[in-house]
Amino acid sequence: MSTDFQQARVYLGARLRELRTEAGLTGRQLAQRLGCTQSKVSKLESGKQTPTSADLDAWAEAVGKPETAAELRGRLRGLETRYRSWRRQLATGHKVRQEISVSEESKSTVVRAFEPSTVPGILQTPAYARHILLNSTTLHGTVNDVEDGVRARMKRQALLYEPGRQFQILVWEPALYVRYGPAKVMAGQLDRLISLVGLDTVRLGIVPFTAELRVTPKHGFWVFDERLVIAETVNAEMWLDDQAEIALYRKVWEELAAAAVFDRQTRRLIARAQGVLEAP
């Protein structure tokens, strides 16, 4: 979970505590009014638990200030806009989330990305994408619309051929070897990557195993022009539009790009991965 998300939750908790103390209530008294445990009141006030909208409405009523409910819900919406859990995003399946990606990429002139262990979605073959989306569905226990998700992901790739756009994509070399399906699926994916090297709108770089890094690539992320960063974790995405945060991710991307290889050397690394895949 992001430090920024946690800090925002702490601020919300501090506001809840302020309302309680202004009402002259102890944590135990408020818990009795809410019909919950004192432990829950403590966790909400300390930012250790995320409240629901219903929690906030009940809190505003319990402290005698129902008019503050709208303010509290607004703070929660701001927090949830930054932190988008996969379970919530995939509640209706993968198709909708893929369409959101198309929207963000369509609004962007330059998209910079880094993926440490998978081939980025916009470069995937249908077979590779199918395994990635199925694994995600299984992990999060969400709606299985994998085939619709694959079709939506493939539609995204039309943007790769639109003049005037630039996709500057970095992949850590392990992504060329990690298999999310049978060997033939990975073989097709590596062939696809080879075909994209040299495409006018795509700049594909590989960060080699042996590269000396000055940053730690903790997770994948996408930078859309200078307006938005989407950073992916196991349980959620962070949508960041603060300029300082965007600048930080740009700096990380630039450091990784400085360690990456391109063009002929990219082909060479992909060909090496193909050789390992074909070895008996």
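Relevant structure appears above.
About the thresholds
Residues numbered from 1 in each chain as written. Predicted model: local features only at pLDDT ≥ 70, side-chain atom pairs only at ≥ 80, totals over all residues. Heavy atoms only, no water. Helix = DSSP H or I, 4+ residues; strand = E, 2+ residues; numbered from the N terminus. Buried < 20%, exposed > 50% of the residue type's maximum accessible area, 1.4 Å probe, protein only. Lys, Arg positive; Asp, Glu negative; His and termini not counted. Salt bridge = Lys/Arg side-chain N within 4 Å of Asp/Glu carboxyl O. Polar contact = N/O pair within 3.5 Å; in protein donor to acceptor, adjacent residues only side chain to side chain. 1 Å grid on protein atoms, 1.4 Å probe; cavity = no way out; pocket = protein on both sides within 12 Å on 5 of 7 lines; lining within 4 Å. Points joined across faces, edges and corners; volume = space filled by probe spheres on them. Nonpolar A, V, L, I, M, F, W, Y, C, P; charged D, E, K, R; others polar. Phe/Tyr/Trp six-rings, centres within 6.5 Å; stacked < 30°, edge-to-face > 60°. Arc of directions from axis to C-beta. Axes fitted to C-alpha atoms, helices over the stretch in contact; angles between N-to-C directions. Parallel < 35°, antiparallel > 145°, perpendicular 65-115°, else oblique. Left-handed = near helix turned anticlockwise from the far one by under 90°. Contact = heavy atoms within 4.5 Å.

Draft legend 1. Structural view of the side chain of D225. Structurally, the position occupied by D225 is in the loop between strand 5 (221-224) and strand 6 (228-232). Of the side chains with opposite charge, R227 lies nearest to the buried D225, which makes no salt bridge, at 4.4 Å. A polar contact of 3.1 Å, which involves the side chain of D225, links it to the backbone nitrogen of T109. At 2.7 Å, the side chain of D225 forms a polar contact with the backbone nitrogen of V110.

Draft legend 2. Local environment of empty space enclosed by the protein. Applying the stated rule across the entire model yields one cavity of 30 Å³ or more. What the largest cavity holds in volume is close to 30 Å³. In this structure, the largest cavity is lined by Y128, H131, Y180, G181, P182, V185 and M186. Broken down by class, the residue content of the lining of the largest cavity amounts to five nonpolar, two polar and no charged.

Draft legend 3. A look at the pattern of salt bridges. Counting across every chain of the model gives 19 salt bridges. One salt bridge in this structure joins E71 and R15, with 2.8 Å as the shortest N-O distance. Of this pair, E71 sits in helix 5 (residues 69-82) while R15 is found in helix 1 (residues 3-22), placing the two residues 56 residues apart along the sequence. Relative accessible area serves as the criterion here: at 15%, R15 is assigned to the buried category.

Draft legend 4. View of the layout of surface pockets. Size it by volume and the largest pocket reaches roughly 860 Å³. Around the largest pocket sit 37 residues that line it, and W86, E115, T118, I132 and E232 are the ones nearest its centre. Secondary structure elements with two or more residues in the lining of the largest pocket: helix 7 (94-106), helix 8 (126-140), helix 9 (146-156), strand 5 and strand 6. The greatest single-element share of the lining of the largest pocket, amounting to seven residues, is contributed by helix 7. Split into classes, the residues belonging to the lining of the largest pocket amount to 15 nonpolar, 13 polar and nine charged.

Draft legend 5. Fine view of the packing of aromatic side chains. This structure, assessed with the given rule, holds four aromatic pairs. Between Y128 and Y180, the ring centres sit 6.0 Å apart and the planes meet at 85°, which makes this aromatic pair edge-to-face. Of this pair, Y128 sits in helix 8 while Y180 sits in the loop between strand 3 (166-172) and helix 10 (183-196); the two residues are 52 residues apart in sequence, bridging distant segments of the chain. On the basis of relative accessible area, Y128 is assigned to the buried category, the value being 1%. Seen in terms of ring centroids, F221 and Y249 are 5.0 Å apart; in terms of plane orientation they differ by 65°. Their pairing is edge-to-face. Here the residue F221 occupies a position in strand 5, and Y249 occupies one in helix 11 (residues 243-259), the gap between them amounting to 28 residues.

Draft legend 6. Fine view of helix 3 (residues 38-46). Residues of helix 3 that are buried: V41, L44 and E45. All buried residues of helix 3 lie within an arc of 95° about the axis, which places them on one face of the element. Downstream of helix 3 by a residue or two, G47 has a phi angle that is positive, lying close to 75°.

Draft legend 7. Examining the packing of helix 10 against helix 12 (residues 264-278) more closely. Where helix 10 contacts helix 12, the two axes come as close as 10 Å, and the packing angle between them is 165°. In terms of axis orientation, helix 10 runs roughly antiparallel to helix 12. For the crossing formed where helix 10 meets helix 12, the hand is left-handed. Note on element contacts: helix 12 touches helix 10 through R267, I270, A273, Q274 and L277, opposite A183, M186, A187, L190, D191, L193 and I194. Tallied by class, residues from the contact of helix 10 with helix 12 come to nine nonpolar, one polar and two charged.

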